[in-house]
Every structure is written in C-alpha cells, then in structure tokens.
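Breakdown of the fold
Here are the chains, one letter per residue:
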Amino acid sequence: MQDVNLDDGNSNINKVNLSVKITNAFKAYNPTTVILNGFNMNVEEGTIYGLLGPSGCGKTTLLSCIVGRARLDAGHIQLSVKHKKEIGYMPQELALYNEFNILETLHYFGSLYEMSFEDIKNKGEKLISIMELPPAKTQFGLMSGGQQRRFSLCTALLHDPNLLILDEPTVGLDPIISASIWEYLKDLSNCGKTIIITTHYIEEARLSNKIGLMRKGILLSEASPLEIMASCNADTLESAFLILSQMQSNAVKTEEIKTMSTQPGTTSLKNTSFFSFKRFKAQLLKNWYWSIRNWPIIMFIYFLPLIVIVTFNLTIGQMPKPIHLGIINRENSTHCPHRSFDLCDNQIPLSCKYINEMEKHISLKHYDEIQIAKEDTMDGSIWGYLKFENNYTDMTQLRYENPSAMTSEDLNESVVKASLDMSNYVVSKLIQGRIIQSYKDLSSAFKRCNTTTVTTVNSIPLKMMEPVHGTFEVNVANYGAAAVISIVELYLTFMFTALSINMEKNSGLIERSLVSGLTVFEVIISQLVVQMIMLVVQATTTFIFQFAIFKHSFLSFWIWPFSLAILQGLCGSFIGLATSIIFDDEKTTTFFGICMVLSQVFLSGIMWPIEGMNPYLKKVTMYLPLTKSIEAIRSLNARNWEISHPVVWQGFISILTWIVVAILITMLSLRLKHGIKAKR
C-alpha cells in the first residue's frame, strides 16, 4: 500500500480554481476539547465535495466556521464568494417554522436574501415543481418527513447561491428520496455550483466528486473516492476509512497536538451590513406570520393582563360576604323583635339599636347560650360573637351622664364584649372595623334626638379631618393596583421575549436566519417593535379597566404613569433578552423568571409596605427593578405629585437604570458567547 499523508491535500490544487480553501484551522471549546486540529481542506469550484466522518468529529463546527457563524481560534478560510447571501446553507435539523406554509417560508428567507417578491415567487414555483412538493399553501408542519427535507433544500437554493453547504441532508430519508436529491445536486454541480455535503453514510459519499475523510478534527485524506480506495488498497470506502483511522491512532501515540498559531483565525467572508431595512422588514413579516398562525397565544398574551386586572378587582379589597357573627343579648332575650327602629325611642334598648346598625354590614346570628356560640366559632360556623349585658342601655347612659357614680360592675355592663376568630388577619380586622364603624354611625345618628336620649356613644377625643391624600375608605385594591400592573407588564414581556428567542435558538431557526444574512441587531430591534405594540395595547386596556371602569384613584396627568408602565415592560423585554442569551434552555429561563417575579412580589412593597421590612432587606429592595417605579405610580395616581417630586423622578431613573443595565448585560453576553447561539 502507498504511503498516505494524513494532512496533505491534492498536490495539484494550485492548478485549479478553489471555491473553499481552509489552511491550518484550529478550534477548541476548552483545553481538553479540540474540535479542529490543524485542519486543511480544498474544495474545487463546480464540484460536489463529500465531507465524511463519524458524529462528533467536527463536521458541523467546520461548516459553522465556513458560513461565518463561528470563528476559528487559528488558521484561515478563503472563499470564492464574498457575502453570506452568496451561500446556501441547509442545517442538519430542519430549522423551519412548522406554522408557516411553503410560500410564507420562501417569502421570509427570500426577503433575508434581499430578493424581490416576483423573484421569490417565480424561483419558488420552479423549485416546488423540481422537488415535487405539495401546493404552496401547504403548511410545513403537515408535510411528510421527505417533503420537509426537500423543502429545506429548496430554501437553501432559493437565491441561486454559488456555494451550497448541506449538513447531513439525507439523514433519515428513504433511499429513493436520497437518490433523487443526489441527482439534483449533480445537476447543480454540472451548472457550476460548488456543493459541500456532510454525511456519515460512507457508501453514499462515493457519489461525490471528491471526498474528505475527517476524524477527530483532522482531515485524514482528500481525493476522489477511487483514488482514496486505491491509495489504501481497499475495495470499499469503509475499509479505506478504517485503515486511515488506524494510521491516525498510531500517529497520535507518538505526536502531540499540533501547535496552534498565536494569530486569531481569519476568513475572507465579509460581514453582513449592520442593518438592512429589507431584512428588518422580513423579520417583522415573520413575526406577523407567526402571530397569525398562533393567534390563540397572541390573544392570550394580549388579554392576560386584562384578565388579571379584572380578577384582581373582583377578588381583592372587597368586603367578604357573608360574614356570620354571633350575638348574645342578655338585655333583650326576644332578639329585638321591634318593627320600628326609631333611634330616639327610649323604649327600644340601645343594644337593639346597635345590633340593627351592625346588620347593615354583617350577617348576625342570635344565640341564647354563650357556650353554643363559642362552639360554633370553634368549628368555623361563625367568626366570633358579641355579648350585651343585662343593663347595657342604662349603664351606657350612666357612663356618659355620671361616670363617677359607676361601680366596676356597672362599667363592665356598659361594655360590649367581643370574642373573635383571629386566625384570619384580614377577616378579623374587617370585622373589627365594621363593628367600630357601626358604633360611630349609631353615634352620629343620635344627633337628631333630644337631650334625654343617649346622644353619644363615642368617647374617643379625636376628630379625623379631611384626608390630605386618599379617602377614609381604605381599599387594599387601590394600594395594590400599581403593583399588579407593574408585575404583569414586567413578567409577561420578560417571558415572551426570553422564551421566544430561546425556542427559536434551540430549534436552529435563529441560526439559519443569521446564516442567511440576518444580524443580531435586526433580531433585537424587530423583537422590541413587537413588544412595543403589545405593551401599548396591554397598558392601554389595563389602564382603562383599572382606572375608568373600576374607578381607582387617578389624579395625575395620565402620560406619566402610562410611561412608567411602558418602561417597566421594556425593562422586562431587555432582561428577557439578556436571559435568553445567557441561558440555553427554556426551563432555566422559566425558573429564573419565576424567581424574579417572586422576589419582586415580596421585596418591592407589593404585599406589604417597605417600611415594615427588615432593615437590611429594606436597603436591598431599593435596588430592585420595580420598587421605586411602583411607588412612583402610586404617588402619581393617589397623591397627584408632579414629576419633579423626588419619589416620582427617582422611579423613572430607577427603571431607566435597569433598562441600561439589561442592555449592557445583553451586549456583554453577546460578546462572550459570540452572538445568539444554541448550546452545543
């Protein structure tokens, strides 16, 4: 057998035109994981080059470097084409939208290649006919596996590229379909197209004009199939590959990994322009197609804030009904059977008048025995009970007319005794408030009576004047309204941005679009445009329901709280963008989002005022995204403070600072990860 140089290419390469020339390429993800190790490859123009090797040998990484989606650590890639739009790329995964039909997909990728609509339509119809695909309105996800694979090839051929790169195009296909694809590839090469095709099907690779046998990041041999078999004195390519692999294994025992050049890797492929309106328009068009095909999801996203606001207002801050409270009236054992409750009628006991006032707010249940009332409270039938003593009216009269004449027993009989279930803080406080309010209402009603009647039952020497801000009727829903709006805007935009990018990234959709010429900047800007549209609609409907329909306080000029809500949504979008780049899978992103929301709920003054927090946590919470902006919205709506007030402008500064921080984290993550890339 002849000696075979494991790294040397064809000795006559300088006599032919090369479409791809790779020289001394190195690529490693870490010191122990070397993907390309002094790799050299030469692809002649107008030929089919079969890159053959086992899974994990570095084929896909090499193709990513050729199309400009990855960068060599050292070495050089020289291409006959200068721009990405001159390259047709078909990844191993389909990386196409299942929801789109054939025409929509072609329109999207054709727009990325900056083709006119007429060119897209004419070329698309021709390719559909050649590949024997179903009608153009057929949804991609409903096509068979073979049809999907052929259509993926159509997408790569749409713009008539000079260099076609296909990563495992026939994997999992029926042999007949594979044969038809190879026939078409031969026709393309005969027309002058250069095709690089990776495969691990050894005998299939014999159809190539030239084969590169790759193993462990090294090109073992590069020649025509017959020349490789002849040089190894083998009857099949599989035998030749086995011989070359054994020779490489023996060589590795005596050689160290080749020394990598200190110079960074280079390529002749020019960078795509930073921004193109046609590509940007294509991305917006793609988002529009996706929204139409997934309208239930879009409707859910649009109406979820509305559902949350309506649910919040119908469930939070309302007086619980019915609230059952027991009454034990020793003063009137007949349970006050009076038909008329004239407050000035001294024949009616004061206890009955008080009970009548309480019945306007609380459902009362009369008991004769205190033990039965206590048992009902224990088993949850009632929330407690009130007890009036035998001489309650007389002793109350005496208490206000001549308190010095009262004994301790008299004072005891002038007091209403309450025993409540305090296990539920909210309900118990509401009951106490209603009992006291009924007492005050009764006192106010006595003003129209003569001096011989009990005219006052309010002994507190305090008069509450008109509130500076707010009203006497404290409603928890008013306090929580700003927080609910803020949380909804932040969380929804975060999840929509992070998960949409994560899903497209991990399915290869973004990768394929970026190879087709789309830039990361265009991805981000188009995402922000979509988010802004959603934000404006969500915020508008939320504000209308919260402040116009449910009548929450809204004292300031509407533009300021509305702007804060929009900024909170943008902050969520940028945090979601940074998260989608940092984390590679949807589960981690979702858990991060849940953690973020829960921290905001407990630490941003949403469930409880910040003033009541642990002193150390109080300092931490001031630096969270929503803390100051929530307080700013509350101050604008309930206090009518101007934007010049420190609490208000600090809210704006806080959320803007977080937006800037999220943008900086996004830029740093893009730099460290070399763009938006899925986990390998």
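Residues numbered from 1 in each chain as written. Predicted model: local features only at pLDDT ≥ 70, side-chain atom pairs only at ≥ 80, totals over all residues. Heavy atoms only, no water.

A look at a nonpolar patch on the surface
A surface patch of nonpolar side chains, amounting to about 930 Å² of accessible area, comprises Tyr425, Val426, Phe591, Ile594, Leu598, Phe602, Met607 and Trp608. Looking at the nonpolar patch, the elements with two or more residues in it are helix 14 (425-445) and helix 19 (586-603). Per element, the largest residue contribution to the nonpolar patch is 4 residues, and it comes from helix 19. Here Phe591 is to be found in helix 19. (Patch = residues over 30% accessible without salt bridge, like charges linked within 9 Å, V, L, I, M, F, W, Y side chains within 5 Å. Areas by Shrake-Rupley, 256 points an atom, 1.4 Å probe, with all protein chains shown as cover. Salt bridge = Lys/Arg side-chain N within 4 Å of Asp/Glu carboxyl O. Helix = DSSP H or I, 4+ residues; strand = E, 2+ residues; numbered from the N terminus.)

Focus: unusual backbone geometry
The bulk of non-glycine residues show a negative phi, and the bulk of peptide bonds are trans. Non-glycine residue Ala95 carries a positive phi angle of around 55 degrees. Within the secondary structure layout, Ala95 lies in the loop between strand 5 (87-90) and helix 2 (102-112). For Ala95, a relative accessible area of 6% gives the class buried. (Buried < 20%, exposed > 50% of the residue type's maximum accessible area, 1.4 Å probe, protein only.)

Description of helix 9 (residues 295-315)
Relative to the 30 Å expected for 21 residues at 1.5 Å per residue, helix 9 spans 29 Å between its end C-alpha atoms, a close match to the ideal helical length. Along its length, helix 9 shows its largest kink, about 40 degrees, at Phe303, and proline Pro305 lies within four residues downstream of that point. Along helix 9, the positions that sit buried rather than exposed are Ile298, Ile301, Tyr302, Leu304, Pro305, Leu306, Ile309, Phe312 and Asn313. In the core, the buried residues of helix 9 are packed alongside helix 8 (277-293), helix 15 (476-506) and helix 17 (520-549). Remark: Gly317 follows helix 9 within two positions and exhibits a positive phi of approximately 85 degrees. (Expected span 1.5 Å × (residues − 1). Bend = angle between axes of the 7 residues up to and from the residue. Contact = heavy atoms within 4.5 Å.)

With respect to helix 17
Relative to the 44 Å expected for 30 residues at 1.5 Å per residue, helix 17 spans 42 Å between its end C-alpha atoms, a close match to the ideal helical length. Backbone geometry just downstream of helix 17 places Lys551 in the positive-phi region, at approximately 60 degrees.

Points about the state of the cysteines
Summed over all chains, the structure comprises 0 disulfides. The thiol sulfur of Cys154 is not disulfide-bonded, and the nearest other cysteine sulfur, from Cys191, lies at 16 Å. (Disulfide = S-S within 2.5 Å.)

Describing the pairing of strand 1 (residues 18-30)
When strand 1 meets strand 2 (residues 33-44), the two strands line up antiparallel, connected through 9 bridges. What sits directly across from Val20, in strand 2, is Val43. Connecting the antiparallel pair strand 1 and strand 2 is a turn made up of 2 residues. (Pairing = 2+ DSSP bridges.)

Remarks on the side chain of Asn502
Note on placement: Asn502 falls in helix 15. In this structure Asn502 touches Ser580, Phe583, Asp584, Asp585, Glu586 and Thr589, once residues within four positions along its chain are discounted.

Observations regarding the UniProt feature "transmembrane region" (unreviewed entry) in the chain
UniProt records the feature "transmembrane region" (unreviewed entry) at residues 295-316, 479-501, 513-537, 557-583, 590-610 and 647-670, using the numbering of this structure. As a span, residues 513-537 carries 84% helix and 0% strand, and end to end its C-alpha atoms are 29 Å apart. In the segment residues 557-583, helix accounts for 89% and strand for 0%; the C-alpha atoms at its two ends are 40 Å apart. (UniProt positions renumbered as here; feature names shortened; annotations may be inferred.)

Looking at the pattern of salt bridges
Evaluated as defined, the whole model comprises 16 salt bridges. Here Arg293 makes a salt bridge to Glu104, at a shortest N to O gap of 2.5 Å. Of this pair, Arg293 sits in helix 8 while Glu104 sits in helix 2, placing them 189 residues apart in sequence. Residue class for Arg293 comes out partly exposed when judged on its relative accessible area of 32%. The exposure class assigned to Glu104 is buried, which follows from its relative accessible area of 10%. Across the salt bridge formed by Lys505 and Asp584, the nearest N and O atoms sit 3.6 Å from each other. Taken as a pair, Lys505 in helix 15 and Asp584 in the loop between helix 18 (559-582) and helix 19 lie far apart in primary sequence, 79 residues in all. For Lys505, a relative accessible area of 3% gives the class buried.

Quick notes on the sheet that holds strand 1
Ordered in space as 2-1-4-10, the 4 strands form an open sheet in which the pairing is mixed. Each edge of the sheet is formed by a strand with only one pairing partner; in this case those strands are strand 2 and strand 10 (266-267). Of the strand pairs in this sheet, strand 4 (residues 74-79) and strand 10 are connected by 2 bridges, and their pairing is parallel. Within the sheet, the bridge partner assigned to His76 lies in strand 10 and is Thr266.

Some thoughts on the domain arrangement of the chain
The figure often quoted for interface size is the accessible area lost as the parts come together. Per the domain assignment, the segments of the chain are domain 1 (18-251 + 263-271) and domain 2 (324-474). A separation of 87 Å is found between the C-alpha centroids of domain 1 and domain 2. (Domains from an automatic or database assignment.)

So, the pairing of strand 13 (residues 384-388)
Among the 5 residues that make up strand 13, 5 are buried, leaving the element largely enclosed by the rest of the structure. Burial along strand 13 is two-sided: the face carrying Gly384, Leu386 and Phe388 and the face carrying Tyr385 and Lys387 are both buried. The sheet contact formed by strand 13 and strand 14 (residues 417-420) spans 4 bridges and is antiparallel. Across the sheet, Tyr385 pairs through a bridge with Ser419, a residue of strand 14.

A closer look at the sheet that holds strand 3 (residues 48-52)
Overall, mixed pairing links the 6 strands, which are arranged 5-6-7-3-8-9 in an open sheet. Only two strands of the sheet have a single partner each, and these edge strands are strand 5 and strand 9 (218-223). The sheet shows a mean angle of 15 degrees between the axes of neighbouring strands, taken without regard to direction. Strand direction decides the pairing type here: strand 5 and strand 6 (residues 163-167), joined by 4 bridges, are parallel. Bridging across to strand 6, Ile87 finds its partner in Leu163. Set on the sheet, helix 5 (residues 175-190) makes contact with strand 3, strand 6 and strand 7 (194-199); between it and strand 7 the angle comes to about 150 degrees. (Axes fitted to C-alpha atoms, helices over the stretch in contact; angles between N-to-C directions.)

What to know about the packing of aromatic side chains
All told, the structure shown has 18 aromatic pairs when counted by the stated rule. Centroid distance Phe494 to Phe592: 5.9 Å. Interplanar angle 40 degrees. Geometry classified as tilted. On the criterion of sequence distance, the pair formed by Phe494 in helix 15 and Phe592 in helix 19 is long-range, its members being 98 residues apart. Exposure remark for Phe494: the relative accessible area of 0% places this residue in the buried category. Here a set of aromatic residues connected by ring pairs shows up, and it is made of Tyr97, Phe100, Tyr108, Phe109 and Tyr289. Arg512 extends its terminal NZ or CZ atom over the ring of Phe109, reaching a point 5.7 Å from the ring centre. (Phe/Tyr/Trp six-rings, centres within 6.5 Å; stacked < 30°, edge-to-face > 60°. Lys NZ or Arg CZ within 6 Å of the ring centre and 35° of its normal.)

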